[in-house]
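# Coordinate analysis (summary)
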Amino acid sequence: MSSRYGSHLHQRDPRSQLFGDQSYNGGSSGLRAPSPGYGYRPATPNSRGQYSASVLEELESQNDAQFEGLSAKVRMLKDITEAIGTEVRESSTLIQNMNDTFDNTRIRLRGTMNRMLIMADRTGVGWRAWLFFILAVVALFWYVWLF
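What counts and how
Residues numbered from 1 in each chain as written. Predicted model: local features only at pLDDT ≥ 70, side-chain atom pairs only at ≥ 80, totals over all residues. Heavy atoms only, no water. Phe/Tyr/Trp six-rings, centres within 6.5 Å; stacked < 30°, edge-to-face > 60°. Helix = DSSP H or I, 4+ residues; strand = E, 2+ residues; numbered from the N terminus. Buried < 20%, exposed > 50% of the residue type's maximum accessible area, 1.4 Å probe, protein only. Salt bridge = Lys/Arg side-chain N within 4 Å of Asp/Glu carboxyl O. Expected span 1.5 Å × (residues − 1). Contact = heavy atoms within 4.5 Å. Axes fitted to C-alpha atoms, helices over the stretch in contact; angles between N-to-C directions. Left-handed = near helix turned anticlockwise from the far one by under 90°. Nonpolar A, V, L, I, M, F, W, Y, C, P; charged D, E, K, R; others polar. pLDDT = per-residue confidence, 0-100.

## Considering the packing of aromatic side chains
All chains considered together, the criterion is met by 2 aromatic pairs. Seen in terms of ring centroids, Trp130 and Phe133 are 6.1 Å apart; in terms of plane orientation they differ by 90 degrees. Their pairing is edge-to-face. With Trp130 and Phe133 both in helix H4 (residues 127–146) and 3 residues apart, the pair spans about one turn of that helix. Their ring planes at 50 degrees and their centres at 5.1 Å tell us that Tyr143 and Phe147 sit as a pair that is tilted. A relative accessible area of 69% means that Phe147 is categorised as exposed.

Okay, structure coming up:
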């Protein structure tokens, strides 16, 4: 499949999109140790397998710098998550208020329709005639408003 699309195309590791390209290798392993081109020097032990104090301090400082970078990203993700939670709570409150308003409107319209039917029965004119009259008045207002 790689010959079909060419070797220059590849899918990026999602971690490299979040944490930058310096840890992305593009090979089968995906991750590699930082090379000297990125500002790090290779840490090699002496013949007894021990590291010098300066190498250990430099590695610790690099570790601290990367830890601070990750901490900043975690804080950013936490802030985004809190903002999403706030938005969801506000949206839920708004939807609940709209639901209550629509319910009150439905009750008022039902009462108005019942009163209109009672009035139509008392006058002796059918409800269809009253409905036609109301629609005619609405159509007249609509015509005057548009033209």
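Here the narrative resumes.
## Some remarks on the pattern of salt bridges
The full count for this structure, using the stated rule, is 1 salt bridge. Asp103 is the partner of Arg106 in a salt bridge, and the nearest nitrogen-oxygen pair spans 2.6 Å. With Arg106 and Asp103 both in helix H3 (residues 53–123), this residue pair falls 3 residues apart, about one helical turn. For Arg106, a relative accessible area of 41% puts it in the partly exposed group.

## Concerning H3
Here H3 contains 71 residues, and its C-alpha end-to-end distance of 104 Å stays within 8% of the 105 Å for a straight helix at 1.5 Å per residue. Buried within H3 we find Val55, Gln62, Ser71, Met116 and Ala120. Looking at the buried residues of H3, the elements they touch are H4.

## Considering the packing of H3 against H4
One way to put it is that H3 packs onto H4 with a least axis distance of 9 Å and a crossing angle of 115 degrees. Regarding H3 and H4, the two cross each other, and that crossing is right-handed. Here Met116, Leu117, Met119, Ala120 and Thr123 of H3 come into contact with H4, specifically with Trp127, Trp130 and Ile134. The residue makeup of the contact of H3 with H4, split by class, is 7 nonpolar, 1 polar and no charged.

## Overview of the confidence of the model for the protein chain
Detailed reading of the predicted coordinates is not advisable wherever pLDDT is low. Here the protein chain averages 78 in pLDDT, and 71% of its residues register 70 or above. When pLDDT is averaged over each element of the protein chain, H3 comes out on top at 92 and helix H1 (residues 2–5) at the bottom at 48. Taken together, the stretch residues 5–11 has pLDDT below 50 and engages in 3 contacts with residues farther than four places along the chain or on a different chain. Here residues 23–31 is a poorly scored stretch, pLDDT under 50, and it has 14 contacts once near neighbours within four places are set aside; other chains count.

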